[in-house]
Amino acid sequence: MNWSSEIIKPGVGAVVHADAAATKDPAFADYCLDLLYKQGALILPQINLSDEEQLEFNDRLGARVNFTDNIAGGNEAAKDVYTITLDPKVNTEPEYVLGTFFWHIDGMCSPIAPPKYTVLSCRKAPDKGGQTEFANTYAAFEALPEDEQKFLEGLRVLHSVTAAVRAVAEPDEIKDARKRGAQHERPLVYTNPDSGRKCMLIGYSADYIVGMSKPEGRALIARLTEWAAQPAFSVMHTWTEGDMAIWDNCGVLHRARPYSSDTGRRMHRTSVAGVEDGAAA
Ligand SMILES: [Fe+2]
(Lines give C-alpha, C1' and ligand atoms only; values in the text may rest on other atoms or scores of the structure.)
Protein backbone atom coordinates (compact mmCIF):
# COMPACT_ATOMS: atom_id res chain seq x y z
CA MET A 1 0.00 0.00 0.00
CA ASN A 2 1.71 3.15 -1.21
CA TRP A 3 -0.39 5.73 0.52
CA SER A 4 -1.01 7.17 3.98
CA SER A 5 -3.04 9.89 5.61
CA GLU A 6 -3.05 12.26 8.53
CA ILE A 7 -5.95 14.08 10.13
CA ILE A 8 -5.87 17.90 9.90
CA LYS A 9 -8.92 18.36 12.13
CA PRO A 10 -11.03 15.40 13.33
CA GLY A 11 -14.22 15.07 11.29
CA VAL A 12 -13.35 18.11 9.17
CA GLY A 13 -10.29 17.38 7.04
CA ALA A 14 -7.40 15.02 6.26
CA VAL A 15 -4.27 14.98 4.10
CA VAL A 16 -3.65 11.93 1.90
CA HIS A 17 -0.11 11.23 0.71
CA ALA A 18 -0.13 9.28 -2.53
CA ASP A 19 1.26 9.44 -6.05
CA ALA A 20 -0.53 9.35 -9.39
CA ALA A 21 0.01 5.59 -9.74
CA ALA A 22 -2.09 4.96 -6.61
CA THR A 23 -5.15 6.41 -8.32
CA LYS A 24 -5.13 3.43 -10.76
CA ASP A 25 -5.68 1.07 -7.81
CA PRO A 26 -9.35 0.47 -6.91
CA ALA A 27 -8.27 -0.07 -3.30
CA PHE A 28 -7.06 3.54 -3.19
CA ALA A 29 -10.46 4.83 -4.32
CA ASP A 30 -12.07 2.78 -1.53
CA TYR A 31 -9.52 4.19 0.93
CA CYS A 32 -10.40 7.76 -0.11
CA LEU A 33 -14.15 7.07 0.02
CA ASP A 34 -13.84 5.69 3.55
CA LEU A 35 -11.80 8.73 4.61
CA LEU A 36 -14.26 11.12 2.92
CA TYR A 37 -17.06 9.47 4.86
CA LYS A 38 -15.25 10.26 8.12
CA GLN A 39 -13.43 13.51 7.36
CA GLY A 40 -15.48 15.32 4.67
CA ALA A 41 -12.54 16.95 2.88
CA LEU A 42 -9.27 15.43 1.66
CA ILE A 43 -6.13 17.20 0.42
CA LEU A 44 -3.79 15.18 -1.82
CA PRO A 45 -0.58 17.24 -2.11
CA GLN A 46 1.52 16.92 -5.23
CA ILE A 47 -0.42 14.05 -6.78
CA ASN A 48 0.01 15.68 -10.21
CA LEU A 49 -2.82 14.10 -12.20
CA SER A 50 -3.48 14.96 -15.84
CA ASP A 51 -7.06 15.74 -16.88
CA GLU A 52 -7.48 12.20 -18.17
CA GLU A 53 -6.12 10.71 -14.92
CA GLN A 54 -8.35 12.97 -12.85
CA LEU A 55 -11.42 11.87 -14.82
CA GLU A 56 -10.40 8.21 -14.48
CA PHE A 57 -10.04 8.59 -10.70
CA ASN A 58 -13.25 10.64 -10.51
CA ASP A 59 -15.03 7.70 -12.19
CA ARG A 60 -13.60 5.30 -9.60
CA LEU A 61 -15.26 7.40 -6.86
CA GLY A 62 -18.67 7.21 -8.58
CA ALA A 63 -20.55 8.14 -11.73
CA ARG A 64 -19.29 11.26 -13.44
CA VAL A 65 -21.58 14.28 -13.69
CA ASN A 66 -21.17 17.54 -15.58
CA PHE A 67 -23.62 20.17 -14.34
CA THR A 68 -22.27 23.17 -16.21
CA ASP A 69 -21.24 23.89 -19.76
CA ASN A 70 -19.57 27.16 -18.84
CA ILE A 71 -15.81 27.40 -19.53
CA ALA A 72 -15.22 23.87 -20.73
CA GLY A 73 -11.88 22.19 -20.18
CA GLY A 74 -8.95 22.18 -22.53
CA ASN A 75 -9.72 19.37 -24.95
CA GLU A 76 -12.43 17.08 -26.28
CA ALA A 77 -11.23 14.05 -24.30
CA ALA A 78 -11.55 16.06 -21.09
CA LYS A 79 -14.82 17.87 -21.82
CA ASP A 80 -16.16 16.99 -18.36
CA VAL A 81 -13.33 18.98 -16.79
CA TYR A 82 -14.46 22.45 -15.76
CA THR A 83 -11.82 25.18 -15.66
CA ILE A 84 -11.98 27.77 -12.87
CA THR A 85 -10.00 30.89 -13.65
CA LEU A 86 -10.27 34.66 -13.70
CA ASP A 87 -7.99 34.84 -16.75
CA PRO A 88 -9.98 37.15 -19.08
CA LYS A 89 -8.67 35.25 -22.14
CA VAL A 90 -10.47 32.11 -20.90
CA ASN A 91 -13.31 33.46 -18.79
CA THR A 92 -15.50 36.28 -20.08
CA GLU A 93 -17.97 35.96 -17.20
CA PRO A 94 -15.85 36.57 -14.08
CA GLU A 95 -18.87 37.10 -11.80
CA TYR A 96 -19.38 33.35 -11.44
CA VAL A 97 -15.81 32.81 -10.28
CA LEU A 98 -15.89 35.92 -8.06
CA GLY A 99 -19.04 34.39 -6.53
CA THR A 100 -16.90 31.43 -5.40
CA PHE A 101 -15.13 33.79 -2.96
CA PHE A 102 -18.22 33.18 -0.78
CA TRP A 103 -19.31 29.96 0.94
CA HIS A 104 -21.18 27.67 -1.43
CA ILE A 105 -21.98 24.13 -2.54
CA ASP A 106 -21.43 23.21 -6.19
CA GLY A 107 -24.44 22.52 -8.42
CA MET A 108 -27.15 23.84 -6.08
CA CYS A 109 -28.97 25.88 -8.76
CA SER A 110 -29.04 23.07 -11.31
CA PRO A 111 -32.04 20.73 -11.55
CA ILE A 112 -29.77 17.67 -11.26
CA ALA A 113 -29.30 15.88 -7.92
CA PRO A 114 -26.62 17.62 -5.86
CA PRO A 115 -23.16 16.31 -6.83
CA LYS A 116 -21.83 13.87 -4.22
CA TYR A 117 -18.12 14.71 -4.46
CA THR A 118 -16.09 17.49 -6.01
CA VAL A 119 -12.55 16.76 -7.23
CA LEU A 120 -10.42 19.89 -7.73
CA SER A 121 -6.86 20.07 -9.06
CA CYS A 122 -4.51 23.04 -8.99
CA ARG A 123 -2.98 23.66 -12.44
CA LYS A 124 -1.53 27.09 -11.64
CA ALA A 125 -1.12 28.19 -8.05
CA PRO A 126 -1.52 31.88 -7.20
CA ASP A 127 1.44 33.51 -5.53
CA LYS A 128 -0.98 35.50 -3.36
CA GLY A 129 -4.41 34.52 -2.00
CA GLY A 130 -6.62 31.89 -3.65
CA GLN A 131 -6.50 29.32 -0.84
CA THR A 132 -9.62 27.17 -0.53
CA GLU A 133 -11.51 26.89 2.73
CA PHE A 134 -13.82 24.01 3.65
CA ALA A 135 -16.55 24.08 6.33
CA ASN A 136 -18.21 20.85 7.45
CA THR A 137 -21.97 21.25 7.87
CA TYR A 138 -22.49 17.73 9.28
CA ALA A 139 -20.44 18.79 12.30
CA ALA A 140 -22.11 22.22 12.35
CA PHE A 141 -25.62 20.72 12.21
CA GLU A 142 -24.86 18.11 14.88
CA ALA A 143 -23.60 20.85 17.22
CA LEU A 144 -26.90 22.76 17.05
CA PRO A 145 -29.48 22.34 19.86
CA GLU A 146 -31.93 19.53 19.17
CA ASP A 147 -34.98 21.82 18.95
CA GLU A 148 -33.23 23.93 16.30
CA GLN A 149 -32.27 20.80 14.35
CA LYS A 150 -35.93 19.74 14.33
CA PHE A 151 -37.08 23.19 13.19
CA LEU A 152 -34.53 23.27 10.35
CA GLU A 153 -35.47 19.78 9.15
CA GLY A 154 -38.89 21.02 8.09
CA LEU A 155 -37.54 23.81 5.87
CA ARG A 156 -36.91 24.05 2.14
CA VAL A 157 -34.58 26.51 0.44
CA LEU A 158 -34.67 28.10 -2.99
CA HIS A 159 -31.14 28.21 -4.46
CA SER A 160 -30.60 30.62 -7.36
CA VAL A 161 -27.79 31.91 -9.55
CA THR A 162 -28.82 35.49 -8.80
CA ALA A 163 -28.27 34.78 -5.08
CA ALA A 164 -24.97 32.96 -5.77
CA VAL A 165 -23.50 36.07 -7.41
CA ARG A 166 -25.44 38.71 -5.44
CA ALA A 167 -22.35 39.80 -3.53
CA VAL A 168 -20.55 40.70 -6.77
CA ALA A 169 -23.20 41.41 -9.47
CA GLU A 170 -26.68 42.87 -9.85
CA PRO A 171 -29.24 40.43 -11.36
CA ASP A 172 -29.43 42.47 -14.59
CA GLU A 173 -25.65 42.14 -14.99
CA ILE A 174 -26.10 38.39 -15.60
CA LYS A 175 -26.29 38.57 -19.38
CA ASP A 176 -27.28 34.97 -20.10
CA ALA A 177 -31.02 34.74 -19.40
CA ARG A 178 -30.83 30.95 -19.00
CA LYS A 179 -28.28 31.30 -16.20
CA ARG A 180 -30.07 34.32 -14.71
CA GLY A 181 -33.21 32.21 -14.31
CA ALA A 182 -31.48 29.08 -12.96
CA GLN A 183 -32.89 28.10 -9.60
CA HIS A 184 -33.82 24.96 -7.71
CA GLU A 185 -35.62 24.18 -4.47
CA ARG A 186 -33.96 21.77 -2.03
CA PRO A 187 -34.37 20.65 1.58
CA LEU A 188 -32.32 22.76 3.98
CA VAL A 189 -31.29 19.60 5.83
CA TYR A 190 -29.92 16.89 3.52
CA THR A 191 -29.54 13.31 4.71
CA ASN A 192 -26.46 11.54 3.35
CA PRO A 193 -27.81 8.33 1.78
CA ASP A 194 -24.74 6.30 2.83
CA SER A 195 -24.16 7.46 6.40
CA GLY A 196 -27.60 8.77 7.41
CA ARG A 197 -25.81 11.86 8.78
CA LYS A 198 -27.46 15.20 8.20
CA CYS A 199 -25.87 18.29 6.69
CA MET A 200 -27.16 21.69 5.55
CA LEU A 201 -27.61 22.87 1.96
CA ILE A 202 -26.87 26.53 2.64
CA GLY A 203 -24.30 29.12 1.51
CA TYR A 204 -24.60 32.10 -0.83
CA SER A 205 -26.70 30.33 -3.48
CA ALA A 206 -29.46 29.89 -0.86
CA ASP A 207 -31.78 32.74 -1.83
CA TYR A 208 -34.69 32.37 0.57
CA ILE A 209 -36.57 29.86 2.70
CA VAL A 210 -39.86 28.70 1.22
CA GLY A 211 -42.85 29.99 3.19
CA MET A 212 -40.78 32.43 5.27
CA SER A 213 -40.41 36.17 4.64
CA LYS A 214 -37.27 36.88 2.61
CA PRO A 215 -35.56 38.97 5.35
CA GLU A 216 -36.30 36.35 7.99
CA GLY A 217 -35.15 33.47 5.78
CA ARG A 218 -32.01 35.25 4.62
CA ALA A 219 -31.10 36.14 8.20
CA LEU A 220 -31.41 32.47 9.15
CA ILE A 221 -29.34 31.28 6.15
CA ALA A 222 -26.62 33.86 6.87
CA ARG A 223 -26.47 32.90 10.54
CA LEU A 224 -26.27 29.16 9.77
CA THR A 225 -23.55 29.77 7.18
CA GLU A 226 -21.50 31.76 9.69
CA TRP A 227 -22.10 29.06 12.29
CA ALA A 228 -20.75 26.38 9.94
CA ALA A 229 -17.72 28.48 8.98
CA GLN A 230 -16.36 28.83 12.51
CA PRO A 231 -12.85 27.40 13.08
CA ALA A 232 -14.16 24.30 14.91
CA PHE A 233 -15.76 23.06 11.68
CA SER A 234 -13.44 24.45 8.98
CA VAL A 235 -10.00 24.03 7.43
CA MET A 236 -8.03 25.89 4.75
CA HIS A 237 -5.64 24.68 2.07
CA THR A 238 -2.92 26.76 0.44
CA TRP A 239 -2.41 25.41 -3.07
CA THR A 240 0.77 24.29 -4.78
CA GLU A 241 0.59 23.31 -8.45
CA GLY A 242 -0.20 19.57 -8.68
CA ASP A 243 -2.27 19.42 -5.48
CA MET A 244 -5.78 17.97 -5.59
CA ALA A 245 -8.69 18.12 -3.13
CA ILE A 246 -11.76 15.91 -2.88
CA TRP A 247 -14.71 16.74 -0.70
CA ASP A 248 -18.24 15.71 0.17
CA ASN A 249 -19.97 18.40 -1.87
CA CYS A 250 -23.30 18.39 0.01
CA GLY A 251 -21.84 18.34 3.49
CA VAL A 252 -18.87 20.67 3.03
CA LEU A 253 -19.24 24.33 2.13
CA HIS A 254 -16.25 25.77 0.31
CA ARG A 255 -14.95 29.14 -0.82
CA ALA A 256 -11.81 30.62 -2.33
CA ARG A 257 -9.84 33.27 -0.51
CA PRO A 258 -9.73 36.31 -2.81
CA TYR A 259 -7.14 36.41 -5.61
CA SER A 260 -6.68 38.55 -8.68
CA SER A 261 -6.70 37.51 -12.33
CA ASP A 262 -3.03 38.40 -12.73
CA THR A 263 -2.03 35.55 -10.40
CA GLY A 264 -3.04 33.18 -13.22
CA ARG A 265 -4.75 30.85 -10.69
CA ARG A 266 -6.27 27.95 -12.64
CA MET A 267 -8.12 24.99 -11.21
CA HIS A 268 -9.66 21.96 -12.94
CA ARG A 269 -12.84 20.55 -11.43
CA THR A 270 -14.65 17.26 -11.97
CA SER A 271 -17.72 16.01 -10.13
CA VAL A 272 -19.26 12.75 -8.96
CA ALA A 273 -23.05 12.38 -9.28
CA GLY A 274 -25.18 12.41 -6.16
CA VAL A 275 -28.76 11.57 -5.32
CA GLU A 276 -31.72 13.61 -4.14
CA ASP A 277 -32.47 13.43 -0.45
CA GLY A 278 -34.65 10.34 -0.25
CA ALA A 279 -35.69 11.21 3.30
CA ALA A 280 -37.06 14.55 2.15
CA ALA A 281 -38.69 13.43 -1.10
FE1 LIG B 1 -17.22 25.63 -6.00
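Quick caveat: nothing in here was measured; it's all calculated off a predicted structure. (Residues numbered from 1 in each chain as written. Predicted model: local features only at pLDDT ≥ 70, side-chain atom pairs only at ≥ 80, totals over all residues. Heavy atoms only, no water.)

As a further point, take the overall build of the protein chain. Per the secondary structure count, the protein chain includes 8 helices and 16 strands. The C-alpha radius of gyration of the protein chain comes to 18 Å, within 12% of the 19 Å expected for a compact globule of 281 residues. The burial tally for the protein chain puts 54% of its 281 residues in the buried class. Considering only intrachain contacts with a sequence separation of at least 6, the fraction spanning at least 24 residues in the protein chain is 81%. Here the protein chain displays about 12,200 Å² of accessible surface, and carbon together with sulfur accounts for 53% of that area. Averaged over its 29 positive side-chain charges, the protein chain has a centre that lies 2 Å from the centre of its 39 negative ones. (Helix = DSSP H or I, 4+ residues; strand = E, 2+ residues; numbered from the N terminus. Rg over C-alpha atoms; globule rule 2.2 N^0.38 Å. Buried < 20%, exposed > 50% of the residue type's maximum accessible area, 1.4 Å probe, protein only. Contact = heavy atoms within 4.5 Å. Areas by Shrake-Rupley, 256 points an atom, 1.4 Å probe, with all protein chains shown as cover. Lys, Arg positive; Asp, Glu negative; His and termini not counted. Charge placed at Lys NZ, Arg CZ, Asp CG, Glu CD.)

Turning to unusual backbone geometry, a few remarks are in order. Phi is mostly negative for residues that are not glycine, and the peptide bonds are mostly trans. Non-glycine residue Gln-46 carries a positive phi angle of around 50°. Checked against the element boundaries, Gln-46 lands in the loop between β3 (41-44) and α2 (51-61).

The subject of this paragraph is the sheet that holds strand β9 (residues 183-187). Sheet architecture is open: 3 strands sit in the order β9-β8-β12, paired in antiparallel fashion. Looking at the sheet topology across the chains shown, the edges are occupied by β9 and β12 (206-209). Direction aside, the axes of adjacent strands within the sheet are offset by 30° on average. When strand β8 (residues 156-160) meets β12, the two strands line up antiparallel, connected through 3 bridges. Within β12, the residue paired with His-159 across the bridge is Ala-206. Against the sheet, helix α8 (residues 214-228) makes contact with β8 and β12, and its axis sits at roughly 125° relative to β12, the strand it touches most. (Pairing = 2+ DSSP bridges. Axes fitted to C-alpha atoms, helices over the stretch in contact; angles between N-to-C directions.)

With that out of the way, let us pick up the environment of Tyr-82. With respect to the secondary-structure elements, Tyr-82 resides in strand β5 (residues 82-85). Judged by its relative accessible area of 11%, Tyr-82 falls in the buried class. Spatially, the C-alpha atom of Tyr-82 lies 9.2 Å from that of Ser-271, the residues being 189 residues apart in sequence.

Another aspect to go through is helix α5 (residues 146-153). Taken residue by residue, α5 has Glu-148, Gln-149 and Leu-152 as its buried positions. Seen along its axis, α5 keeps its buried residues to an arc of 105°; they face one direction. Residues of α5 that are exposed and point over 90 degrees away from its buried face: Glu-146, Asp-147 and Lys-150. Of the surrounding secondary structure, the elements contacted by the buried residues of α5 are α4 (137-142), β10 (189-191), β11 (198-200) and α8. (Arc of directions from axis to C-beta.)

Moving on to the side chain of Thr-118. If you trace the backbone, Thr-118 turns up in strand β6 (residues 117-124). The exposure class of Thr-118 is buried, given its relative accessible area of 0%. A polar atom in the side chain of Thr-118 sits 3.4 Å from the side chain of Asn-249. Once residues lying within four places of it in the same chain are set aside, the contact partners of Thr-118 are Asp-106, Ala-245, Ile-246, Trp-247, Asn-249, Arg-269 and Thr-270. (Polar contact = N/O pair within 3.5 Å; in protein donor to acceptor, adjacent residues only side chain to side chain.)

A separate point is the coordination of the iron ion. Protein-derived ligands of the iron ion are His-104 (NE2), Asp-106 (OD) and His-254 (NE2), with the metal-ligand distances lying across 2.1 to 2.2 Å. Each donor residue of the iron ion belongs to the same chain, with the gaps between them written as H-x1-D-x147-H. (Donors = N, O, S within 2.8 Å, 3.2 Å for Na, K, Ca; no water.)

Time to look at the packing of aromatic side chains. In this description, a pair of aromatic rings is defined by centroid distance and the angle of the planes. Within the structure shown, the criterion is met by 8 aromatic pairs. Both rings, one in Phe-101 and one in Tyr-259, keep their centres 5.2 Å apart while their planes meet at 55°; by these two values the pair is tilted. With Phe-101 in the loop between α3 (94-98) and β6 and Tyr-259 in the loop between β15 (252-256) and β16 (266-272), the pair connects residues that are 158 residues apart, well separated along the chain. An aromatic cluster is present here, built from Trp-3, Phe-28, Tyr-31 and Phe-57 joined pairwise through their rings. (Phe/Tyr/Trp six-rings, centres within 6.5 Å; stacked < 30°, edge-to-face > 60°.)

Judged by pairing direction, the sheet is antiparallel, and its 3 strands sit side by side in the order β13-β7-β15 without closing on themselves. Each edge of the open sheet carries a strand with a single partner, namely β13 (234-237) and β15. Each adjacent strand pair in this sheet contributes to an overall mean axis angle of 20°, direction not counted. Taken together, the 5 bridges between strand β7 (residues 132-136) and β15 define a ladder with antiparallel strand orientation. Bridge pairing in β15 links Ala-135 to Leu-253.

A few words now on the pattern of salt bridges. Using the criterion set out here, one finds 20 salt bridges in the structure. Linking Lys-150 and Glu-146 is a salt bridge whose minimum nitrogen-to-oxygen distance equals 3.3 Å. Of this pair, Lys-150 and Glu-146 both sit in helix α5, 4 residues apart, roughly one helical turn. The class of Lys-150 is exposed, set by a relative accessible area of 58%. Its relative accessible area of 58% is what places Glu-146 among the exposed residues. The shortest N-O distance in the salt bridge between Arg-186 and Glu-276 comes to 3.7 Å. Taken together, the residues Arg-186 in strand β9 and Glu-276 in the segment after β16 connect sequence positions 90 residues apart. One network of salt bridges, with partners in common, ties together Lys-24, Glu-53, Glu-56 and Arg-60. (Salt bridge = Lys/Arg side-chain N within 4 Å of Asp/Glu carboxyl O.)

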